[in-house]
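A structural walkthrough
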Amino acid sequence: MPETGDVTVERARDVHSYANLDEVRVTHVELDLTVLFEERQLRAAAMLSFERVGDDADVLVLDTRDLHITAVESWSALGGFDPATYAIGMPDPVLGSPLTITLPPDATRVRVTYETSPDASGLQWLLPEQTGGGEHPFMFTQSQAIHARSWIPLQDSPGVRVTYGARVKTPDGLRAVMSAGNDPNGPLDGSYRFDMPQPIPSYLIALAVGELDFRALGDRAGVYAEPSLILAAESEFEDTAAMIEVAEQLYGPYRWDRYDLLVLPPSFPFGGMENPRLTFATPTILAGDKSLVALVAHELAHSWSGNLVTNATWRDFWLNEGFTVYIERRIVEALYGRARADMEGVLGVEALNFDLERLDSSDTVLHINLDGRDPDEGMTQVAYEKGALFLRQLEELVGRTEFDRFLRGYFNHFSFQSITTADFEAYLRENLLVTDASSSRVAVDEWLRGFGIPEGASMPSSDAFTLVEEQVAYWVGGDRTAASLEVAGWTTFEWLHFLAQLPQSLSTSQLAELDQAFELTSSGNAEIVHQWLLITIRNAYLPTRDRLERYLLDIGRRKLVLPLYQAMAETADGRSLAMNIYRQARPGYHPITANSVDAVLGWSE
Ligand code: BES
Ligand code: ZN
């Protein structure tokens, strides 16, 4: 625990990195990457510039996973490149292998030449038939939380920030884009150069290569997507520039130059990933009616919470995600109104309660202990929604004007730094909860280290949802048929709440009635279809089987597919269906999604 006063503040240790951060800190990464689709490999060299922190720093320890290292050299201003002595440690299933490089006294850089594994955990390689266009291959990285080490040997800790540059070679005609400066008008000649002049943590280094078109969304925003999706993406994301303006008014200038989006193929394992200057997004949010663009607000919000002020270790992950969900809702409220923000808030609390019922109580704290575990285990609604509820509570306590001022100050004060929960807590007590009265009115310690949701927390509520609940009650009570329910004007959120409120057990004829009245099976909204398929699996409803199979074959977003496999695995029949579908779907899934589904189904190759 850090202490204040004259005692030295001990920086929190990152248990998910082998790096000797007390001795050496890498400051710049210079990459040379050749993208080999046939081999499913990056052939690469990484030159790392570093500073010595300790007096007797004679080794540099890097994180790696499954890298085939062919050369390690050190560089000094006096002697140029020299072969270096190095050792690769035994692989740990979560952390990978340490690469320990002996540093000559005058060395200021090292260069590692290597190839990635075809099964690198941070890369996905797609065949042409797995893309929208069907003609060109596609590849992309996903570095958060600790997968950067599977494609770059580096200090893979969010407590370290680096600038980076990269030269990328691709087959002709394909476009490479990175979480760096991108030139939408550059020639597609297979040779690309990138610079990221702002220091970022390693989990934000990102690359994608494929057949990509670009459309501007104003002067400083735009979208990249495969040609078949570019128009849909352009219209879905037309509010992006307005979102940036709203966020700037609330929290200060956007510090990253451009804000572009990249729509990935449907196997992208997450909804979105806040890679700086270039958010990566799943195509499943292209609903046609902007109903799922809170995800853009979310990833944009990370430009302040996460990318500018970063969690120093993965146990501080709630600092990234809790703040971001809070800001996401503020952007949604400013742009689409309070009613929509409230609905999204209530849906968030429903998701939180679902997780709280299943998690060990020790994992329901914000400042979670992840020692000896994969940091992805901390990726629950606790970090997101409990974190956001905490900030909401603080806002309520001091008022919105004051809280906005506090957050603006926080982002400024810690900009381009990685901080711990204790750093936040100290700043909070010094800058917001300054009087004894205010600090006694919010149980900060209980929020950070207590289980579940603190007693008396202020929770979002939605009038629109009260009306939805009435309609559910009419139908369940037999007072009205589905077709005669008052659903006119319902948006995606009302539908999601409607589906969530239905009784667990429904008869075949009830399900058929719902589907006939509301055409749920043929909905083009991936979230609505997801909720509906869950219900039909639980009730062994056969008419949606084809839709279920198509959904699981088309989409690889973990949040959407994993619960469907989990629900199927509950019964013997469902389980064998799940196995059959998974056998076909697995080759198209990203390693992150496949690993999670493997665990649910007890799958082994
Ligand atoms: N940074 C996360 C995604 C992430 C977290 C990847 C942890 C790997 C490890 C991103 O900002 C995120 O939260 N995405 C959400 C969408 C959001 C609207 C809640 C997702 O992908 O579902
Ligand atoms: Zn996020």
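Quick look at the structure, then. (Residues numbered from 1 in each chain as written. Chains lettered and ligands numbered in written order. Predicted model: local features only at pLDDT ≥ 70, side-chain atom pairs only at ≥ 80, totals over all residues. Heavy atoms only, no water.)

1. Quick notes on the overall build of the chain
For the record, the criterion: The helix count covers DSSP runs of H or I at least four residues long, the strand count covers runs of E at least two residues long, and both are numbered beginning at the N terminus. Here the globule rule is a power law, 2.2 Å times the number of residues to the power 0.38, and the radius of gyration is based on C-alpha atoms. Per-residue accessibility, obtained with a 1.4 Å probe over protein chains only, is compared with the maximum for each type, and a residue is labelled buried under 20%, exposed over 50%, and partly exposed between these values. Between two residues, a contact is recorded if the distance between any of their heavy atoms is within 4.5 Å. Only the protein chains shown count as cover for residues, with accessible areas throughout obtained via the Shrake-Rupley method and a probe of 1.4 Å. Counted as positive: Lys and Arg. Counted as negative: Asp and Glu. His and the chain ends are not counted at all. To locate a charge, take atom NZ for lysine, CZ for arginine, CG for aspartate or CD for glutamate.
Across its full length, the chain holds 18 helices and 21 strands. In terms of overall dimensions, the chain is globule-like: its C-alpha atoms have a radius of gyration of 25 Å, near the 25 Å expected for 605 residues. If one aligns the C-alpha atoms of the chain with their principal axes, the spans along those axes are about 85 × 65 × 50 Å. Scored against the burial criterion, the 605 residues of the chain give a buried share of 58%. Relative to all contacts within the chain whose residues are 6 or more apart in sequence, the contacts with residues 24 or more apart total 72%. Surface accessibility of the chain: about 24400 Å² in total, with carbon and sulfur atoms responsible for 49%. Averaged over its 47 positive side-chain charges, the chain has a centre that lies 1 Å from the centre of its 88 negative ones.

2. Focus: the coordination of the zinc ion (ligand 2)
Heads up, the condition is: Metal-coordinating donors are taken as N, O and S atoms lying within 2.8 Å of the metal, or within 3.2 Å when the metal is Na, K or Ca; because water is left out, some sites can appear incomplete.
Taken together, the protein donors to the zinc ion (ligand 2) comprise His-298 (NE2), His-302 (NE2), Glu-321 (OE) and Glu-321 (OE), at separations of 1.9 to 2.7 Å. When the donors of the zinc ion (ligand 2) are listed by position in the chain, the intervening gaps give H-x3-H-x18-E. Of the two residues, His-298 is situated in helix α3 (residues 294-301) and Glu-321 in helix α4 (residues 317-336); the sequence distance between them amounts to 23 residues. Both residues of the pair, His-298 and Glu-321, belong to the buried class.

3. Brief notes about the packing of α4 against helix α6 (residues 381-398)
Helix packing for two helices is described by the angle between their axes and how far apart those axes are. Defined as follows: Axes, fitted as lines to C-alpha atoms, cover a helix only where it is in contact. Angles between the N-to-C directions of the axes lie from 0 to 180 degrees. Put simply, a crossing is left-handed when the front helix is turned counterclockwise from the back one by less than a right angle, and right-handed when it is turned clockwise. Residues are grouped as follows: Ala, Val, Leu, Ile, Met, Phe, Trp, Tyr, Cys and Pro are nonpolar; Asp, Glu, Lys and Arg are charged; every other residue, Gly included, is polar.
Packing of α4 against α6 leaves a shortest axis separation of 7 Å and a crossing angle of 65°. Crossing geometry of α4 relative to α6 is assigned as right-handed. On α6, the residues that touch Phe-317, Trp-318, Glu-321, Gly-322, Phe-323, Val-325, Tyr-326, Arg-329 and Arg-330 of α4 are Ala-383, Tyr-384, Glu-385, Gly-387, Ala-388, Phe-390, Leu-391, Arg-392 and Glu-395. Its residues assigned to classes, the contact of α4 with α6 shows 10 nonpolar, 2 polar and 6 charged.

4. Things to note about helix α15 (residues 545-554)
Stated formally: Relevant arc is that of directions from the helix axis to the C-beta atoms, nothing else.
Taken together, the buried positions of α15 are occupied by Arg-547, Leu-548, Tyr-551 and Leu-552. Projected onto a plane normal to the axis of α15, the buried residues spread over an arc of 125° and lie on a single side. Residues of α15 that are buried in the fold lie against α14 (526-538), α16 (558-568) and α17 (572-585).

5. Focus: the side chain of Thr-324
Rule in force here: As used in this structure description, the phrase polar contact means that two N or O atoms lie within 3.5 Å; if the pair is within protein, one of them must be able to donate a hydrogen and the other to accept it, and residues adjacent in sequence are counted only when both atoms belong to side chains.
Mapped onto the fold, Thr-324 is located in helix α4. According to the relative accessible area criterion, Thr-324 is buried, its value standing at 0%. Side chain to side chain, Thr-324 and Ser-305 meet in a polar contact 2.7 Å long. If sequence neighbours within four positions are ignored, Thr-324 has contacts with His-298, Ala-301, His-302 and Ser-305.

6. Focus: the site of ligand 1
Keep this limit in mind: We call a residue near a given molecule or strand whenever any one of its heavy atoms falls within 4 Å of it.
Contacts to ligand 1 come from 16 residues, most closely from Gln-144, Gly-271, Glu-274, Glu-299 and Tyr-384. A distance of 3.1 Å separates an oxygen atom of ligand 1 from a polar side-chain atom of His-298. The contact in question runs from a nitrogen atom of ligand 1 to an N or O atom on the side chain of Glu-321, over 3.1 Å. Burial of ligand 1 by the protein amounts to 90% of the accessible area it has alone, namely 520 Å². Taken together, the elements giving at least two residues each to the shell around ligand 1 come down to β18 (272-273), α3 and α4. For the shell around ligand 1, the leading source of residues is α3, giving 3 residues. Each residue belonging to the shell around ligand 1 can be placed in one class, and the counts come to 6 nonpolar, 6 polar and 4 charged.

7. A look at the sheet that holds strand β10 (residues 138-141)
Basically, it comes down to this: The pairing criterion is simple: DSSP has to find at least two bridges between the two strands.
One open sheet accounts for 4 strands, arranged β9-β10-β14-β12; its pairing is antiparallel. The strands lining the two open edges of the sheet, one partner per strand, are β9 (123-126) and β12 (175-178). The mean angle between the axes of side-by-side strands here comes to 10°, regardless of whether they run parallel or antiparallel. Direction of pairing for β10 relative to strand β14 (residues 207-210): antiparallel, over a ladder of 2 bridges. Its bridge partner lying in β14, Met-139 is registered against Val-209.

8. With respect to the nonpolar core
The following threshold applies: The term nonpolar core refers to a set of buried residues drawn from Ala, Val, Leu, Ile, Met, Phe, Trp, Tyr and Cys, joined through side-chain atoms within 4.5 Å.
Core analysis: the largest hydrophobic core is formed by 150 residues, its most contacted members being Phe-237 and Phe-390. When near neighbours in sequence (up to four residues on either side) are disregarded, Phe-237 contacts Leu-217, Val-223, Leu-261, Val-263, Ile-285, Leu-286, Val-293 and Val-296.

9. Considerations on the environment of Arg-329
For Arg-329, the location among the structural elements is in helix α4. Among the residues examined, Arg-329 registers a relative accessible area of 16% and is labelled buried. Counting along the chain gives 259 residues from Arg-329 to Gly-588, while the straight-line C-alpha distance between them is 33 Å. If sequence neighbours within four positions are ignored, Arg-329 has contacts with Ala-341, Glu-344, Gly-345, Gly-348 and Glu-385. Here Glu-385 takes part through its side chain, which lies 2.8 Å from a polar atom of the side chain of Arg-329.

10. Thoughts on the packing of helix α7 (residues 400-413) against helix α8 (residues 421-431)
Heads up, the rule is: In this scheme, roughly parallel covers angles under 35 degrees and roughly antiparallel covers those over 145, while 65 to 115 is roughly perpendicular and the rest are oblique.
It is at 11 Å that the axes of α7 and α8 come closest, and there the two elements cross at 135°. Relative to α8, α7 is oriented oblique. Once α7 is placed against α8, the crossing between them reads as right-handed. Of α8, the residues touching α7 (which contributes Arg-405, Phe-406, Gly-409, Tyr-410 and His-413) are Phe-424, Tyr-427, Leu-428 and Asn-431.

11. Thoughts on unusual backbone geometry
A cis geometry characterises the amide bond from Gln-144 onward to Ala-145, with omega recorded as 0°. Following the sequence through the fold, Ala-145 ends up in the loop between β10 and β11 (161-169). One non-glycine residue with positive phi stands out, namely Lys-290, at about 60°. Inspection of the secondary structure assignment puts Lys-290 in the loop between β19 (278-281) and α3. We note that Phe-416 has phi near 60°; this positive angle belongs to a residue other than glycine. By the secondary structure assignment, Phe-416 is in the loop between α7 and β21 (417-419).

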